[in-house]
Amino acid sequence: MAKLLAIFLGGGLGSVGRYLLQGLVQERAAEARGWAALFPWGTLAVNLSGCFAIGLLAGLFEQRWLARPELRSFLLIGVLGGFTTFSTFGFETWSLARGGGALLAAGNVLASVVLGYLGVALGAALARAV
């Protein structure tokens, strides 16, 4: 139960952090001219910073810092899961490649991006049809 509470609380913090960072970066990008103002810089900033954070934290937990399971869950699943699940995608893909599964890692990237895009397109088409 403590683990679920830690994830719940971390998820709320991560979601608020995502909202604030994405909005701040996108607001600055909107001041630019041309294509730079149209690109989703805020989402990119959230995804990249989340990937860096999960790599750093997972590496510290693995190598140097023996944290309680509740703290690991709070940070990795809760905060970073609320902040961006893209960090989990990046970490799992890196883990596949690190474990000798370069083809599986590439398949995960391809499947996630292409099928994710198709899922959005199909969901939008269904919404228009009903």
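In short, a report on the structure. Not measured: the values here are computed from a predicted model.

With respect to the helices and strands, Gln 26 occurs in helix H1 (residues 2-30). Looking at Gln 26, its side chain comes within polar contact range of the main-chain nitrogen of Trp 41, at 3.0 Å. Not counting the four nearest positions on each side in its chain, Gln 26 is found in contact with Ala 37, Phe 39, Pro 40, Trp 41 and Gly 42.

For the structure shown, the criterion picks out three salt bridges. Where Glu 62 meets Arg 98, a salt bridge forms, and the shortest distance between an N and an O atom there is 3.4 Å. Here Arg 98 lies in helix H4 (residues 86-98) and Glu 62 lies in helix H2 (residues 41-63), a separation of 36 residues in the sequence. Here Arg 68 and Glu 70 are joined by a salt bridge, their closest N and O atoms 3.3 Å apart. Exposure remark for Arg 68: the relative accessible area of 59% places this residue in the exposed category.

What follows covers H4. When the terminal C-alpha atoms of H4 are compared, their 18 Å separation across 13 residues agrees well with the 18 Å that a helix rising 1.5 Å per residue should span. The first or second residue beyond H4 is Gly 100, which carries a positive phi of 95°.

The next subject is the packing of aromatic side chains. Using the criterion set out here, one finds four aromatic pairs in the structure. Judged by centre distance (5.3 Å) and plane angle (45°), the ring pair of Phe 86 and Phe 89 falls under tilted. You can see Phe 86 and its partner Phe 89 sitting in helix H4, three residues apart, about one turn around the helix.

If you trace the backbone, Trp 94 turns up in helix H4. A relative accessible area of 46% means that Trp 94 is categorised as partly exposed. A C-alpha to C-alpha distance of 7.1 Å links Trp 94 and Ala 105, two positions 11 residues apart in sequence.

The rules we used
Residues numbered from 1 in each chain as written. Predicted model: local features only at pLDDT ≥ 70, side-chain atom pairs only at ≥ 80, totals over all residues. Heavy atoms only, no water. Helix = DSSP H or I, 4+ residues; strand = E, 2+ residues; numbered from the N terminus. Polar contact = N/O pair within 3.5 Å; in protein donor to acceptor, adjacent residues only side chain to side chain. Contact = heavy atoms within 4.5 Å. Salt bridge = Lys/Arg side-chain N within 4 Å of Asp/Glu carboxyl O. Buried < 20%, exposed > 50% of the residue type's maximum accessible area, 1.4 Å probe, protein only. Expected span 1.5 Å × (residues − 1). Phe/Tyr/Trp six-rings, centres within 6.5 Å; stacked < 30°, edge-to-face > 60°.

Fair warning: the whole summary comes from geometry, so function is off the table for now.
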